[in-house]
Amino acid sequence: MGTKDRESLIPALLPWVTGPGPRIEKLRKIAAAIRARGGYRWVGLYDIDRSRGLVRNLVWDGPDAPAYPEFPIIKGLTGVAVAERRTVNVPDVREDPRYLTALSTTRSEIIVPIFSRQHREVVGTIDVESEMPSAFGPEEQRALESCAAAIQPLWR
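Owing to the predicted nature of the structure, the values given are computational and were not obtained by experimental measurement.

Student: Give me the overall build of the protein chain: which residues, what numbers.
Tutor: Scanning the protein chain from terminus to terminus reveals four helices and six strands. Ordering the α and β elements of the protein chain from the N terminus gives α-α-β-β-β-α-β-β-β-α. Since a compact globule built from 156 residues should have a radius of gyration of about 15 Å, the 14 Å found for the protein chain is in line with a globular shape. Judged by the C-alpha coordinates and their principal axes, the protein chain covers about 40 × 40 × 25 Å.

Below, the structure written as structure tokens:
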């Protein structure tokens, strides 16, 4: 995602964050916008349900539904992002045993945490997958982290 795309994406997301309408419909539009602007193959938005110890897919945009729509909070790259409270950017998932295979052709994945308003805990994630290795450089990561901060009000 180039600088111009990143700069135009955040203002495009804000009406869905602050406007009226059902949360899930807003999140569908956001996932589609992130995918389209970044030219990504797949984007998913997830909830962290600490009381049940689960990660749950809310919406996705891409060729297939997630293979794991719900999984334990301690599993996969998402589990690492939640536990370590940081973005997890894996250049080649074939070399990382923590990867939960969602799409067989995925080569790289980035999991960006969405923090609570007080920034105390991870309440959700943005999951982006690519069929290309090393697809997410520092600029891509910053752009997706900006998206996570912008859409945070949808996780209350």
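Student: Help me get a handle on the packing of aromatic side chains, residues and values and all.
Tutor: Tallied over the full model, the rule gives two aromatic pairs. Each ring, one from Y40 and one from F136, has its centre 5.8 Å from the other, and the planes form 55°; the classification is tilted. Taken as a pair, Y40 in the loop between α2 (23-38) and β1 (42-49) and F136 in the loop between β6 (122-130) and α4 (138-151) lie far apart in primary sequence, 96 residues in all. Across this residue pair, the class does not change: Y40 and F136 are buried. The side chain of R23 reaches across the aromatic face of W155, ending 5.1 Å from its centre.

Student: Account for the pattern of salt bridges, naming residues and giving values.
Tutor: Overall, the coordinates contain eleven salt bridges when judged by the stated rule. R28 is the partner of E25 in a salt bridge, and the nearest nitrogen-oxygen pair spans 3.6 Å. Placement of the pair is E25 and R28 together in helix α2, with a separation of three residues, close to one helical turn. On the accessibility criterion, R28 (44% relative accessible area) is partly exposed. Across the pair R86 and E84 runs a salt bridge, and its minimum N-O distance is 2.6 Å.

Student: For unusual backbone geometry, give the residues involved together with the corresponding values.
Tutor: For R85, which is not a glycine, the phi torsion comes out positive at approximately 55°. Positionally, R85 belongs in the loop between α3 (76-84) and β4 (88-90). Unusually for a residue other than glycine, H119 sits at a positive phi of about 65°. Inspection of the secondary structure assignment puts H119 in the loop between β5 (108-115) and β6. What makes H119 partly exposed here is its relative accessible area of 46%.

About the cut-offs
Residues numbered from 1 in each chain as written. Predicted model: local features only at pLDDT ≥ 70, side-chain atom pairs only at ≥ 80, totals over all residues. Heavy atoms only, no water. Helix = DSSP H or I, 4+ residues; strand = E, 2+ residues; numbered from the N terminus. Rg over C-alpha atoms; globule rule 2.2 N^0.38 Å. Phe/Tyr/Trp six-rings, centres within 6.5 Å; stacked < 30°, edge-to-face > 60°. Buried < 20%, exposed > 50% of the residue type's maximum accessible area, 1.4 Å probe, protein only. Lys NZ or Arg CZ within 6 Å of the ring centre and 35° of its normal. Salt bridge = Lys/Arg side-chain N within 4 Å of Asp/Glu carboxyl O.

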